[in-house]
Every structure is written in C-alpha cells, then in structure tokens.
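# Residue-level structure breakdown
In case you want the letters, here they are:
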Amino acid sequence: MDVLLDVYCYACHDEDKQKGDIRLDQLASLSQDARLDLLNKMQEQIFFEEMPPKKKKSQPTPTERKQMTAWISSELKKHAASKLEDKIRMPSYGNYVDHDRLFSGEYKDLKAFTPDRRWLISEFIFDAKFNKLLNHKPTQTIDGKRQSVIGDNNRRVNLTNPFLLPTNTGVRYYDTTTLNGGHLLTMLTNAKNAATHMMYLAKRDRRYLPAVDGIMAKENGHNGTLAARESFLNKFIEQVCNEIYQGKNSSLLPKLERVEMKPAASTSGKEIKKAPFHSAQPGNAELELIYRSMLKHQKNGESDAQLIAKCEKEWFYFGDNERKIQARVTFLKNYMTEWRAQIKQHNYEKKHKPHVYSPLKEDEMLLVKKAITQHRKKGDRYNEIISKCIEDWSQGFVQERIDAGPPTGKLVTDLVDQVFIKLFERPATSEESEKYVLLTRSYIKDLGNNKGMKKLIQTLILSSEFVYRSEFGQGVADKSNRKMLSPRDASYAIAYALSDSSPDKELAEAAKNGKLNTREDYKREVTRLLKNRNQFYVVDEAVQRLQDTASITNQPIRKLRFFREFFGYQKMLPIFKDNKRFGGNYDNSKGRLVGEADRLVDHILENDQNVIETLLHTEKFYVYHSGNNEAMTESTKRLRKIYDYFKDKDWKNFEMDDLLKHKDFLDEVKLHSVDLKGPEHKKRDRTKVFKQHMTSFALRFDKGQKSAAPYAAYSSHGVHNAATRTGKKFRAEEVTKFFNISLDDWDYPAVQPAKVAHRKGMLTHPAWLIAHSQNTETDPVIRGKWIREKLLAGTVPDVPITVDAVIPEDHHKTLRGRLVDVTEKEACWKCHERMNPLGYAFESYDDFGRFRTQESLEHPDNLIKKGPDKAAAHVDLRDIYKTLPVNPKGHLSGTGDKNLDGDVQDALDLVARLAKSERVRQSVIRYAFRYFMGRNEVLSDSKTLIDADQAYVKSGGSFDAVIVSFLTSDSFLYRKAQ
C-alpha cells in the first residue's frame with residue numbers, strides 16, 4: 001500500500017505539501033479516531049474515482065485501485081468503521097457503479113440477488129393499507145360511469161401519514177429507510193383512531209369482525225336496553241310521572257324560574273336591523289325540539305306570548321339549562337312570523353309528527369316506574385330523574401356482565417385470528433395465537449371488553465409487521481447460496497412493484513396454491529397485472545384539488561409514477577410564482593399543467609412503443625384537453641355551431657323578444673344559463689348572459705379559426721362548454737400561456753396530443769422547466785445536473801461547504817452572462833463543465849417554461865410599459881421590460897457516441913440527440929431498476945440490466961417489456977442472507 005500511496009498520493013499529501021489540509025505519509029502514527037476518519041475520506045475518494053484528480057496523467061489501473069480500496073476496507077472493517085457501505089446504498093450514489101462495466105457483458109455471469117430485507121412501507125402503501133382496513137372505498141364518475149378509485153384518501157378517520165417520501169426528483173422509495181421515533185409517535189395516534197373506527201365498523205356490520213359481536217353481545221344488548229329506556233323517558237317522562245304520582249306530580253317539581261331577557265341595547269332612537277332568519281335560527285335539532293314543544297302546547301285563541309310561556313315552562317321542568325332556554329325564547333319572540341313560514345315551507349307537519357305515548361312492555365314499565373319511585377327526590381327536574389335511573393341500571397348491567405365471566409376462549413381466539421387477517425392478511429400462527437390470546441384476556445380483564453379489544457388492535461397496528469414489507473428467501477439454497485422468495489413474499493413484492501395495494505385475489509390464490517414458484521409463474525402474473533385496465537387510480541391528490549383537475553389513470557399506478565418521479569415535473573407545484581410575471585392566474589393554471597403532463601406520459605405508456613425515445617422527443621402535447629378526444633371534439637363542434645348560427649345576425653342588439661325567436665335552437669344546444677323553457681323565462685332577461693357567450697365565441701373565431709377551445713365564456717358555477725373526465729367543470733384555460741398560445745388566436749386541436757411549436761419531449765414541457773427553475777429565473781445548473789445524472793448516468797459532486805453558490809445581481813446582463821462570471825472560473829469549472837453546457841441549451845425557455853428568443857431584464861430601471869393588473873383570460877398581464885437576446889447554444893458530452901457528442905444549437909437539438917443515445921436509454925433503465933427493486937444496482941445485476949435493455953429494444957421500445965424483464969430476473973426472484 002505504501003508503494004501505491006507514494007506513486008499516486010504523496011505528491012500532494014506529504015510533509016511538503018498538504019492539499020485540502022490532508023497528509024497521508026503519517027497515517028500509521030495518527031490516533032485511532034483520526035486515522036479511521038482519514039481512511040473513510042480516502043475510501044470515498046478512491047471508490048468514486050475523485051482522487052487522484054482526473055487531470056493527473058498518472059492514474060491507478062483498475063487492479064491497483066481495487067488493491068487500494070480492499071486494503072482501506074479491511075482496515076476500517078477491523079473497527080466496523082466504514083461509512084461507504086451505507087452511503088453507496090443511498091439513491092444519490094447509484095450512478096457511481098461504472099455504467100460501461102455494467103453493460104459491457106463482462107459481469108453477466110455473476111449471480112444476481114437482492115439481500116433478505118424488511119422494507120418500510122411507503123406513504124402510498126400506508127394510505128392503501130388503511131383505506132382497505134377501514135373499508136374506505138372511494139368512487140368517482142369517470143367518462144360518465146361510476147368507478148372505484150384507489151388513491152383518493154378522504155377518509156372519515158383522522159390519520160396522519162408518517163411515511164412521506166423525500167421531495168427530490170428520481171427514485172424516492174428505497175429499502176434503506178428505517179423506522180424512527182417520529183414514525184412511532186405518529187403511529188401511536190393513528191393506531192388509537194384506527195382501532196376506534198374498526199370497533200365502530202364491527203358494530204355496524206357483524207361480518208367485519210364477527211368475534212367482536214360475540215364478545216360484545218351481552219354489553220350491546222344492555223346498551224340497547226339503556227338507549228331504549230332513555231329515549232322513552234326523554235319523550236314521555238312527564239306522562240310516566242303523572243301515572244305514578246297522579247295529581248301529586250306537579251308538587252314534586254321545583255319552583256318555576258323564568259329566564260331573564262336581556263334589555264335591548266340603546267340605539268339613540270335609531271331602528272334596529274334584525275339579523276336574517278338563516279343566521280339567527282339555532283340549528284336543525286333545536287328547531288325540531290322547538291317545533292314539537294309548540295305542537296304540544298298551542299291552542300286556538302291563545303297568543304304567541306302564552307305559547308312561548310308554556311314552552312319555556314316545559315323546558316325548565318325537563319332540565320334544560322338557562323342559556324339554552326333563553327336562546328329559544330329570544331328566537332321565538334323575535335322570529336315567530338318567519339318561523340311559522342318556515343314550518344309551512346319545509347313541511348314540518350309531515351316530517352316531525354307528534355310523539356304518541358305508548359307504554360313499554362309490562363315488565364319494562366314496572367322496572368322504569370320502580371326506578372323513578374326509588375330515585376326521585378322532591379325538587380328534581382325530569383332530566384335529573386332520568387340520569388339517576390340510567391346510572392342505576394348501568395351499574396346493574398355491569399355487575400351482570402362481571403357475574404357472567406370473561407369471553408370464552410374460542411371467542412378470544414377467533415378475535416385474534418380475525419384481527420390478524422384484517423391487519424396482516426394472514427391467520428396467526430399457533431405461537432402468535434397463544435401469545436395474543438393471553439394478552440387480549442389481560443386487556444379485557446383490566447379495561448373491559450370494548451377497550452380491551454381496541455387495545456389489541458392498537459398493539460398489532462404498532463407491531464413492525466404492519467409497517468414493514470418482508471422479502472425473504474425460502475427453501476433450498478442454490479450453489480450461490482441464493483433462495484427464491486417465498487410465494488407469499490413474492491406476491492407482495494409483485495403487487496407493490498406495480499401498485500400500492502396488497503395482492504389481488506388472483507395473485508393471492510397463485511401464492512396460496514403453489515402457482516408462484518417459477519419464473520414463468522412470475523411472468524404470467526406480472527403480465528396479467530400490466531394488462532389490467534379495470535382499476536382506476538388517483539395520480540396526485542394535490543393536482544386533483546387544484547381547479548377540479550382530473551388526475552386519474554387506469555394503468556398500474558407505479559408504472560406512471562416511475563416516469564413522474566424520474567422527470568420530477570410535479571415538483572413545480574410548491575414553487576412560488578408571481579401571477580403578474582406569468583401574465584395571468586398562475587396558481588389556477590399550474591394544476592392543469594401538471595395534470596396534462598401526467599396525461600401525456602400516460603398516453604405514451606398506453607401506446608407502449610419507443611417509450612423512452614418518445615418521452616424525450618415527442619412534438620405532440622396536451623394543452624387544455626380532457627384526454628377524451630371524442631368529447632372534446634363534440635364540445636368544439638357545439639361552439640362552432642352556435643357561433644355560425646348567430647354570427648350574421650344582429651346578436652349584439654338582441655332584446656329578450658329577439659332571443660325568444662331562437663328558442664328551439666337554444667334549447668337544442670343548451671347554452672349555459674340561457675334556459676328559455678317554461679313560463680318563467682318571461683320574468684328574467686337572459687340577453688346579457690347570451691351576449692357574454694357570443695362575445696367570447698366571436699373572440700375565438702373571428703380570426704378565421706376553424707375550432708375553438710371550449711372554456712367557459714364567463715365565471716359561473718357548473719359544467720360550462722366542456723367537462724373533465726370526472727364530470728367536473730373544465731377550468732384553467734390560461735394553461736395555454738405556458739405554451740405561448742393566445743386564446744384569441746388559436747385554432748384549437750380537439751384531437752390531442754397535438755403538435756406544439758418549439759417543443760420536443762418532456763424536457764421542453766413547461767412543467768419540467770418550471771420544476772427545474774427558481775422562483776424568478778431559470779436555472780441552467782439544475783437543468784444540466786438533471787441531464788448529467790438522469791440521462792447520461794454521470795455524477796456531480798456535492799457543492800463544497802466552503803462555496804457560496806450565489807449568482808450576482810446585474811440587471812444589465814442575461815442570467816447566462818452572470819452565471820459564466822462565477823461558474824467558469826478554474827476552481828468551479830471542473831464540476832460546472834458537467835452541468836452548465838447542458839443547461840444552457842434550455843435558456844430558450846424562461847422560468848415559466850415559455851419559449852423565448854429575448855430575455856426580459858425584469859427590474860424597475862428597465863421597465864418600458866406597465867401591463868394591466870386584471871383582464872380577461874386571453875390578455876397578457878405582463879409588464880414589458882428591456883430585453884437582451886438569449887444564447888441557447890450548449891455542448892453535449894458523455895453519450896459515448898462521437899456522432900452525438902458535440903456542440904448543440906438549442907434545447908431541441910440537444911433532446912433530439914439524447915433521444916438517439918444508447919447510453920441515455922440504458923440510464924433510464926438503470927433508474928427503472930432502482931425504482932422497481934428499491935435499491936441501487938451493483939455489478940452482479942449486470943445481466944438483469946442487459947436483459948431489460950435488450951427486452952426493450954427487441955419489443956420495439958415497450959416499457960412493459962422492461963418491467964416484465966425486471967420482475968422475472970434473478971435480481972427480483974432471489975434473496976440471500978447477509
């Protein structure tokens with residue numbers, strides 16, 4: 001080792017010279033901690049080939065580098081001090097395995113495997129688990145049909161997801177994450193809330209957890225009896241007491257105390273404005289109670305004051321509190337006229353018929369009367385009597401249950417097994433059953449039946465099995481000491497590779513019945529799941545919430561999510577952007593932009609031919625489109641039909657009588673809010689709304705357009721000209737501004753995706769460009785780094801902590817000009833040369849993703865003209881500033897193809913070359929490996945990667961073929977103990 005250090009290291013790190021304050025010639029004499037720290041730094045630099053510096057002509061051979069790495073590793077291993085092993089498992093270090101070696105074929109004979117592992121569930125699996133567990137079965141109307149959807153997490157139960165993934169682009173879900181204190185604290189509350197709801201579900205539906213009903217049968221019966229007695233007494237306590245005490249009942253009641261009414265505030269003689277009825281009324285439950293009291297006491301010829309007094313007396317004797325009585329009396333005195341009108345309007349007489357007194361069964365009545373006689377004291381109000389009786393009966397029932405003894409052994413055993421099946425989708429083993437039966441018995445003894453069973457559920461939710469995925473080999477090991485995944489673990493591995501849900505019925509049956517033991521078995525199930533289009537998924541709830549954008553797919557969700565996370569275009573959503581700089585309503589448009597990026601990826605995946613290349617160089621995009629070509633075509637035809645019908649008429653001067661002449665046509669086309677049916681039309685003038693429609697239609701057609709975007713003509717509720725696939729109003733037409741499209745000069749393509757000028761592939765989609773920009777300017781460094789790492793399988797070191805990575809302000813230069821000043825210095829350029837030349841090509845797009853040839857120098861000193869602050873959707877609100885020409889020329893390196901590497905004219909030139917690169921295709925496949933395997937690739941995965949790449953090529957660019965190849969590879973099938 002000394003010889004190698006002398007040849008390659010001492011020249012910069014010895015007694016005479018210590019670059020980076022590092023000296024290696026005294027390694028043996030350092031303290032143990034200092035030596036181990038330095039060895040870790042050496043190990044990383046040599047492994048990542050950062051040292052010796054690449055500019056040095058003298059470089060270690062692969063054998064020498066291997067010798068150095070092996071020696072350092074052995075030294076660190078003696079003290080279990082190596083940090084590299086953990087680091088290279090992290091997502092950000094995946095590219096450090098040499099790309100050319102992986103695909104060279106040199107290592108294809110190494111036997112691939114994945115280590116045995118327990119893998120923490122993702123945020124998506126967490127939601128799917130609890131949705132299934134808590135019977136949350138959301139549906140949406142999709143293309144006119146009610147469909148089940150997965151991923152709509154608006155549950156009735158308040159749960160907090162503790163497994164949120166990092167927000168970076170690329171693969172986010174790895175097997176390296178472990179359970180921590182934050183997870184556990186959150187899960188404590190989740191377990192409590194989930195257990196409560198599960199007990200509620202068991203009470204509502206005996207099939208949910210049948211053993212709960214058996215254990216709770218006596219208690220539920222008692223509770224039902226108590227509820228029936230309490231309900232009866234709440235309605236008829238006065239009648240029952242009159243029966244018991246005859247004429248003496250009133251003498252036992254307390255003295256009536258009328259509520260004091262607050263005097264009206266002084267208004268100096270001015271009239272007091274009364275609040276409207278809807279804001280003054282006390283709520284539906286109170287209104288029903290007041291109505292029943294009025295119904296009980298009102299008599300012909302009596303005044304409202306007399307009626308109110310009787311109601312007040314009833315409420316006092318029942319035991320209602322003073323403030324509640326005061327609020328009711330105040331309401332009746334101030335709103336009696338309006339209240340009577342409401343009673344009539346809302347059919348209170350039919351909805352709330354008077355309670356008719358009917359005694360309970362004879363034995364029950366005897367019990368009730370006996371309890372009242374026993375507990376009533378003079379001066380008690382009725383609710384006090386009821387409370388005493390209920391308390392007495394409750395105590396009696398509790399003692400009865402104690403005397404009956406604990407639940408039978410069979411019921412508790414059944415409960416444990418049923419809860420295991422609910423939570424873990426398997427029965428308990430005999431050991432688990434014995435353990436948890438004893439634990440459940442102790443819970444029930446200490447807490448009672450209901451709380452004891454809740455405690456059992458909470459305990460199991462907090463167990464590691466609920467939050468971890470298990471993937472272990474089973475059976476006889478092969479010559480390489482590998483074992484195939486157990487069938488059950490394999491079924492979950494396949495299910496979670498393609499979705500967030502546990503195995504479907506067919507996959508679970510295959511595992512159970514010995515039909516998930518061979519590579520062909522895996523291929524059969526994976527292929528079936530990839531072809532399934534019967535299940536819809538919500539792609540992104542955040543997008544769905546923005547302007548009711550439809551965010552759905554019926555492809556396996558994790559196939560679409562791979563490219564979504566790989567490109568990372570959804571990262572634009574939290575980036576703050578100014579509406580004025582956008583020239584319209586940015587916040588209302590961003591959800592549609594991301595949703596339509598999803599739709600484009602979904603469309604390309606559905607076609608499943610040349611997927612990677614098409615994603616990189618397609619010239620066709622979705623812009624303000626639902627994804628339903630037939631529906632959008634009909635919508636645009638309808639607009640054209642209306643415009644053509646009225647365009648040559650004097651519609652601008654129409655009066656209502658003129659409009660009525662076209663009633664049949666308007667009824668046919670169903671123009672929003674221009675409904676001329678029925679006699680009411682004569683009472684409302686609809687010409688104003690009609691003219692708003694026609695003015696908007698004229699704007700869209702008067703430049704000779706053949707087709708127009710079907711956006712709403714004016715702000716209104718309800719579906720208007722077009723609908724989303726989920727039946728919601730089609731909103732956010734200003735999404736066109738991202739694409740430099742003017743709504744008043746656009747020949748709308750009803751069939752999409754359609755060609756858009758100055759665009760080629762996802763890297764020129766505004767969503768990707770914004771996601772890789774800053775708040776107010778572009779970011780060539782981030783864009784270039786993304787291409788280097790994601791498409792060229794390259795690496796870029798982290799920014800040194802000593803570097804202040806800030807671009808200086810200069811409002812007389814372009815961003816590129818300012819960036820050159822600080823990043824192309826010698827000390828910075830060794831890293832920035834890997835990024836900047838790639839990112840510069842995208843300077844033909846601004847930080848909103850709009851194409852440009854001039855860069856706006858946005859500073860008050862450069863202002864030429866102020867734009868309007870508010871206007872119609874087709875108007876550009878931007879201020880106008882001085883500009884400078886942009887320079888989008890760049891340079892491509894690293895494809896390994898001399899015909900592709902070289903200077904590029906702009907982004908379109910760059911992405912066209914990238915789309916032709918074998919290395920780019922293989923880099924995407926490497927990231928797909930990480931996504932579907934949940935780990936970084938190593939050299940023993942070489943054959944898996946080569947096979948997946950060849951499967952893609954031979955299938956004509958099918959990404960499904962890549963997935964099938966991965967999920968039937970040795971890397972997926974085999975596990976090895978570590």
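Residues numbered from 1 in each chain as written. Predicted model: local features only at pLDDT ≥ 70, side-chain atom pairs only at ≥ 80, totals over all residues. Heavy atoms only, no water.

An unreviewed UniProt entry lists the protein under the name Haem-binding domain-containing protein, with Rubritalea profundi as the source organism.

The next point concerns the overall build of the protein. Scanning the protein for helices and strands turns up 42 helices and 17 strands. Reported as C-alpha extents along the three principal axes, the dimensions of the protein are approximately 115 × 85 × 60 Å. Residues counted as buried form 49% of the 978 residues belonging to the protein. Across the protein, contacts joining residues at least 24 apart in sequence account for 71% of those joining residues at least 6 apart. Surface accessibility of the protein: about 49,200 Å² in total, with carbon and sulfur atoms responsible for 50%. Of the charged side chains in the protein, 161 are positive and 137 negative; the average position of the first set lies 4 Å away from that of the second. (Helix = DSSP H or I, 4+ residues; strand = E, 2+ residues; numbered from the N terminus. Buried < 20%, exposed > 50% of the residue type's maximum accessible area, 1.4 Å probe, protein only. Contact = heavy atoms within 4.5 Å. Areas by Shrake-Rupley, 256 points an atom, 1.4 Å probe, with all protein chains shown as cover. Lys, Arg positive; Asp, Glu negative; His and termini not counted. Charge placed at Lys NZ, Arg CZ, Asp CG, Glu CD.)

Here the focus is the sheet that holds strand β1 (residues 114-115). If you trace the 3 strands from one edge of the open sheet to the other, you get β1-β17-β6, paired in mixed fashion. A single partner strand is all that each edge strand has here, and the edge strands are β1 and β6 (483-484). Where β6 and strand β17 (residues 974-976) come together, 2 bridges link them in antiparallel fashion. Looking at β17, one finds that K483 is bridged to R975. (Pairing = 2+ DSSP bridges.)

Its place among the elements puts D380 in the loop between α15 (362-375) and α16 (382-404). Taking the relative accessible area as the measure of exposure, D380 reaches 8% and is therefore buried. Only 2.9 Å separates the side chain of D380 from the backbone nitrogen of K377, close enough to count as a polar contact. Polar side-chain contacts of D380 include one of 2.8 Å to the side chain of K388. Apart from the residues lying within four places of it in its own chain, the contact partners of D380 are L252, L253, P254, H375, I385 and K388. (Polar contact = N/O pair within 3.5 Å; in protein donor to acceptor, adjacent residues only side chain to side chain.)

Turning our eyes to something else, we now look at the environment of D392. With respect to the secondary-structure elements, D392 resides in helix α16. Given the relative accessible area of 28%, D392 is considered partly exposed. Through-space distance from the C-alpha of D392 to that of L530 is 63 Å; in sequence the pair is 138 residues apart. In this view, D392 contacts Q374 and H375; residues no more than four positions away in its chain are not counted.

A separate point is empty space enclosed by the protein. For the structure on display, the rule yields 3 cavities of 30 Å³ or more. In terms of lining residues, the largest cavity is bounded by S122, F124, L165, Y173, D500, R558, R561, E565 and Y931. Residue contributions to the lining of the largest cavity peak at 3 residues, all from helix α25 (residues 557-567). Partitioned by chemical class, the residues of the lining of the largest cavity number 4 nonpolar, 1 polar and 4 charged. (1 Å grid on protein atoms, 1.4 Å probe; cavity = no way out; pocket = protein on both sides within 12 Å on 5 of 7 lines; lining within 4 Å. Points joined across faces, edges and corners; volume = space filled by probe spheres on them. Nonpolar A, V, L, I, M, F, W, Y, C, P; charged D, E, K, R; others polar.)

Our focus in this paragraph is unusual backbone geometry. Note that the residue after Q752, namely P753, is joined by a cis bond; omega there is 10°. Positive phi, close to 60°, is recorded for N740, a residue that is not glycine. Here N740 lies in the loop between α32 (687-701) and β10 (754-755). A residue is classified by how much of its surface remains accessible, and N740, at 42% relative accessible area, is partly exposed.

Once that is clear, we can look at a nonpolar patch on the surface. Taken together, the side chains of L185, L188 and L462 make up a nonpolar region of the molecular surface, amounting to roughly 280 Å² of accessible area. Structurally, L185 is set in helix α7 (residues 181-204). (Patch = residues over 30% accessible without salt bridge, like charges linked within 9 Å, V, L, I, M, F, W, Y side chains within 5 Å. Salt bridge = Lys/Arg side-chain N within 4 Å of Asp/Glu carboxyl O.)

Every α-helix winds through 3.6 residues per turn, so residues three or four apart in the chain are directed the same way. For helix α3 (residues 62-77), spanning 16 residues, the distance from its first C-alpha to its last is 22 Å, which sits close to the expected 22 Å at 1.5 Å a residue. Those residues of α3 that sit buried are R65, M68, T69, I72, E75 and L76. Taken down its axis, α3 places every buried residue within 130° of arc, on the same side. Those residues of α3 that are exposed and aimed more than 90 degrees away from the buried face are T63, K66 and K77. Looking at the packing, one finds that the buried side of α3 touches α1 (2-8) and α2 (32-47). (Expected span 1.5 Å × (residues − 1). Arc of directions from axis to C-beta.)

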